[in-house]
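Examining the three-dimensional arrangement
So you can see what is in the structure, the chains are spelled out below.
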Amino acid sequence: MSGEKKAVALVVSGSIAAYKAPMVARLLVASGFRVIPVMTASAERFVGGVTFSGLTGEAVLTSMWDSTFAGEMHVAIARQVDVVAYVPATADLIGRLATGRADDLASALGLVARGPRIVAPAMHPQMWQHPATKRNVAQLVADGVTFVGPVHGVVASGEEGVGRMAEPEAIAAAIRSAIGVQDLQGRRVVVTAGPTIEDVDPVRFLGNRSTGKMGFAVASAAASRGARVTLIAGPTHLATPAMVQRIDVRSTSEMGRAIEDALGASLDRADALVMCAAVADYRPAQVSAAKEKKGADRISIALVKNPDLLGEIGARRTALDRPVLVGFAVESTGDQLLAYARRKLVDKKVDLIVANGAETAFAGDTNRAWLVDEQGDRDLGTLAKRELADLILDEVKARLHTAR
Ligand code: CTP
């Protein structure tokens, strides 16, 4: 392992997506890593080595047979790096890694390296769907390799499907999290997750489709980056992430009280509040103590508005001050999504809104997401909730450095 700086071997293989690998190198260098670029023979047909050496300040390694290198190159490089990341990884490279080949530097490095291995595949959707590729991927997952993507989108041929390489930000986030960077050490992060449930009577309630996965991913990512995390969870079946203090709540008012306790009356007990919870906007005006009996053909339930928990915190917080506030916006109207998200950013006086369409936001492990802040909108594409969690925390971290 390297001395002070954590080091990443960035292995580039021959796919059109190789043009995005320099972005990953740049993000890793910006995060303070030493990046050692390794290129397969076919990668050199797609992107120039000079780009990588320019960005990383390191010589690009292309062959194990460099006679000027003293010792065994694959062994020496594997010892120096904390992570080996394959960006992009072609179907061929994945196949070679899965079968333990060692006939070039890229594959041999993977066999010798002891730290995490990250694979960011890029290929035509039909290749990704092929049983041979599926077998190889399953083998590598069983071997402990972490996959980032591929994601759904338009691939080089112009066709659409799952095969596009994940976005550089998501890949860099996965690499950082594999290295176990403790960049939120000592920070206090409060996360809300899941739905809030409003009782109608002792057996019925009003709820929503939130499963809590996004909030739990944020809590887990923050804890693994060293933060002290309080997770305020509405009803969900998810297991509590390691090193996270969990507070279970049911209704919006219970969630409000738990947030109040966690942040303190002057909001100085936390550095950030990430409101992933799908908070019920209304509750029954009256909760019946006895189960309501069926009767008329048509009935109505009078609802009263719940307080806007995030909006109230935003209103109490003075500009630029702690805690950093992150909200979510889920909409079913695709064309209005970003406009509504921006309105929430302004109305709730928060630092960042994570916008996602209702069709992908619930239950799944991936999200199609945008980040909306005062600088503008950023399309993150489709990404795993855990990757999105790390990107949100990157934004939180950046604001913690600038806040008073
Ligand atoms: N939120 C909150 N309290 C509420 C409702 C929402 O704190 N009573 C938070 C959510 O946790 C989320 C953000 O506000 O982070 C956006 O929630 P959303 O329901 O989309 O926004 P609303 O302001 O309720 O607007 P609308 O339902 O009209 O879209």
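Predicted model only: the values in this text are computed from it and were never measured. (Residues numbered from 1 in each chain as written. Predicted model: local features only at pLDDT ≥ 70, side-chain atom pairs only at ≥ 80, totals over all residues. Heavy atoms only, no water.)

Below, the discussion takes up the pairing of strand β19 (residues 376-384). Strand direction decides the pairing type here: strand β18 (residues 366-373) and β19, joined by eight bridges, are antiparallel. Within β19, the residue paired with Ala369 across the bridge is Gly381. With antiparallel pairing between neighbouring strands as the criterion, β18 and β19 make up a hairpin whose turn holds two residues. (Pairing = 2+ DSSP bridges. Helix = DSSP H or I, 4+ residues; strand = E, 2+ residues; numbered from the N terminus.)

For the rest of this paragraph, the subject is the domain arrangement of the chain. It is common to give the size of an interface as the accessible area that goes away when the parts come together. Looking at the chain, the domain boundaries give domain 1 (7-179) and domain 2 (188-402). Its C-alpha centre places domain 1 at a distance of 35 Å from the equivalent point of domain 2. Buried area between domain 1 and domain 2, both sides added, is near 700 Å², and the carbon and sulfur share of it is 54%. On the surface where domain 1 and domain 2 come into contact, there are one salt bridge. Taking the shortest distance from any N to any O, the salt bridge between Asp394 and Arg176 comes out at 2.3 Å. On the surface where domain 1 and domain 2 come into contact, there are one residue pair in polar contact (both at pLDDT 80 or more). Looking at the side of domain 1 that touches domain 2, the element that brings in the most residues is helix α9 (residues 168-179), giving five residues. Residue composition of the side of domain 1 that touches domain 2, by class: four nonpolar, two polar and three charged. (Domains from an automatic or database assignment. Buried area = accessible area lost by both parts, 1.4 Å probe. Salt bridge = Lys/Arg side-chain N within 4 Å of Asp/Glu carboxyl O. Polar contact = N/O pair within 3.5 Å; in protein donor to acceptor, adjacent residues only side chain to side chain. Nonpolar A, V, L, I, M, F, W, Y, C, P; charged D, E, K, R; others polar.)

The full set close to the ligand counts 13 residues, and Met275, Ala277, Leu310, Phe328 and Lys344 are the nearest of them. One of the backbone N or O atoms of Leu309 is found 3.0 Å from a nitrogen atom in the ligand. When the ligand is considered free in solution it has 570 Å² of accessible area, and contact with the protein chains removes 76% of it. The set of elements that each furnish at least two residues to the shell around the ligand consists of α12 (309-316) and β16 (324-331). Element by element, the count of residues in the shell around the ligand is highest for β16, at three residues. Classifying every residue of the shell around the ligand gives seven nonpolar, one polar and five charged. (Near = heavy atom within 4 Å. Areas by Shrake-Rupley, 256 points an atom, 1.4 Å probe, with all protein chains shown as cover.)

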